[in-house]
Amino acid sequence: MSLGLLDLAIAGVPALAFGIWQLISINREIARDRQKRDEAAQNASPEGSGHPVGEHRLDDR
């Protein structure tokens with residue numbers, strides 16, 4: 001019993017902590033990307049083409 005708890009403390013706790021840290025890090029990165037996207041959308045020119053270069057409707061060929 002005590003060896004199992006020791007093994008959990010040595011291997012399980014750091015692995016769990018690393019997983020939680022990665023989850024928090026990814027969520028922060030997603031929030032930053034979402035904020036940058038929203039800021040870019042607010043600053044976008046309304047007179048632009050409305051679509052990225054190279055992406056056209058199929059009947060434009």
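Refer to the structure presented above.
Residues numbered from 1 in each chain as written. Predicted model: local features only at pLDDT ≥ 70, side-chain atom pairs only at ≥ 80, totals over all residues. Heavy atoms only, no water.

A.B. asks: So what exactly am I meant to see when it comes to the overall build of the protein here?
C.D. replies: On a plain count of helices and strands, the protein comes out with one helix and zero strands. Classification of the 61 residues of the protein by burial places 0% in the buried group. (Helix = DSSP H or I, 4+ residues; strand = E, 2+ residues; numbered from the N terminus. Buried < 20%, exposed > 50% of the residue type's maximum accessible area, 1.4 Å probe, protein only.)

A.B. asks: Could you clarify how one ought to interpret the pattern of salt bridges in this entry?
C.D. replies: Oppositely charged side chains can pair when the atoms bearing their charge come close. Using the criterion set out here, one finds two salt bridges in the structure. Among the ionic pairs, Arg32 bridges to Glu29, the shortest N-O distance being 3.0 Å. Placement of both Arg32 and Glu29 in helix α1 (residues 2–42) is noted, with a separation of three residues, approximately one turn of the helix. Take Glu29: its relative accessible area is 38%, and that puts it in the partly exposed class. The partner of Asp38 in a salt bridge is Arg37, with the nearest N and O atoms 3.9 Å apart. Classification of Asp38 as partly exposed rests on a relative accessible area of 38%. On the basis of relative accessibility, which here comes to 53%, the residue Arg37 falls in the exposed class. (Salt bridge = Lys/Arg side-chain N within 4 Å of Asp/Glu carboxyl O.)

A.B. asks: What's the story with α1 in this structure? I'm lost.
C.D. replies: Side chains that are three or four residues apart share a direction in an α-helix, a result of its 3.6 residues per turn. Helix length check: α1 (41 residues) gives 59 Å between terminal C-alpha atoms against 60 Å at 1.5 Å per residue, within 8%. The largest bend in α1 amounts to roughly 35° and is located at Ala9. (Expected span 1.5 Å × (residues − 1). Bend = angle between axes of the 7 residues up to and from the residue.)

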